[in-house]
Amino acid sequence: MKKRFALQWQNVEFRVWLLLLPPIGVISTLILLFADYEYRYLISVLLLAAWFVYYSWRYLYRRNLKKKCS
């Protein structure tokens, strides 16, 4: 069975997720509320960029952990 994702502050992955994605969500909401219609595409770009950065970092982090354990 796979190791579960622990929602604890000691978990490095959770801290990075918490520091990256909620602020992007707030910024996207502000863009949605206050920007003109022609700038609404920025919401999708920001969210996709945040997910890409997080999962790229997570992949590299886990790969480094495996190298250290080997």
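Residues numbered from 1 in each chain as written. Predicted model: local features only at pLDDT ≥ 70, side-chain atom pairs only at ≥ 80, totals over all residues. Heavy atoms only, no water.

Draft legend 1. Main features of the packing of aromatic side chains. For the coordinates displayed, the defined rule picks out 5 aromatic pairs. On the basis of an interplanar angle of 15° and a centroid distance of 6.4 Å, the ring pair of F14 and W17 is categorised as stacked. Here F14 and its partner W17 are both found in helix 1 (residues 12–34), 3 residues apart, which amounts to about one turn of the helix. With a relative accessible area of 14%, F14 lands in the buried category. The exposure class of W17 is partly exposed, given its relative accessible area of 30%. The interplanar angle of 75° and the centroid separation of 5.0 Å between the aromatic rings of Y54 and Y55 together place this pair among those described as edge-to-face. A residue is classified by how much of its surface remains accessible, and Y54, at 2% relative accessible area, is buried. Its relative accessible area of 44% is what places Y55 among the partly exposed residues. (Phe/Tyr/Trp six-rings, centres within 6.5 Å; stacked < 30°, edge-to-face > 60°. Helix = DSSP H or I, 4+ residues; strand = E, 2+ residues; numbered from the N terminus. Buried < 20%, exposed > 50% of the residue type's maximum accessible area, 1.4 Å probe, protein only.)

Draft legend 2. The packing of helix 1 against helix 2 (residues 41–69), seen in detail. Close contact between helix 1 and helix 2 brings their axes to 9 Å; oriented N to C, the two are set at 175°. In this view, helix 1 runs roughly antiparallel relative to helix 2, as classed from their interaxial angle. Of the residues in helix 2, those touching helix 1 at V12, E13, V16, W17, L20, L21, I24, I27, S28, I31 and L32 are L42, I43, L46, L47, A50, W51, V53, Y54, W57, R58, Y61 and R62. (Axes fitted to C-alpha atoms, helices over the stretch in contact; angles between N-to-C directions. Parallel < 35°, antiparallel > 145°, perpendicular 65-115°, else oblique. Contact = heavy atoms within 4.5 Å.)

Draft legend 3. Main features of the pattern of salt bridges. Scanning the model with the defined rule gives 2 salt bridges in all. Each member of the salt-bridge network shares a partner with another, and the members are E13, R58 and R62. (Salt bridge = Lys/Arg side-chain N within 4 Å of Asp/Glu carboxyl O.)

Draft legend 4. Here's a closer look at helix 1. An ideal rise of 1.5 Å per residue puts 33 Å on 23 residues; helix 1 measures up with 34 Å between its terminal C-alpha atoms. Of all the positions in helix 1, only E13, F14, L21, I24, S28 and I31 are classed as buried. Buried positions along helix 1 lie against helix 2. Here helix 1 starts with a cap whose side-chain oxygen sits 3.1 Å from the backbone nitrogen of E13, and that cap is N11. (Expected span 1.5 Å × (residues − 1). Polar contact = N/O pair within 3.5 Å; in protein donor to acceptor, adjacent residues only side chain to side chain.)

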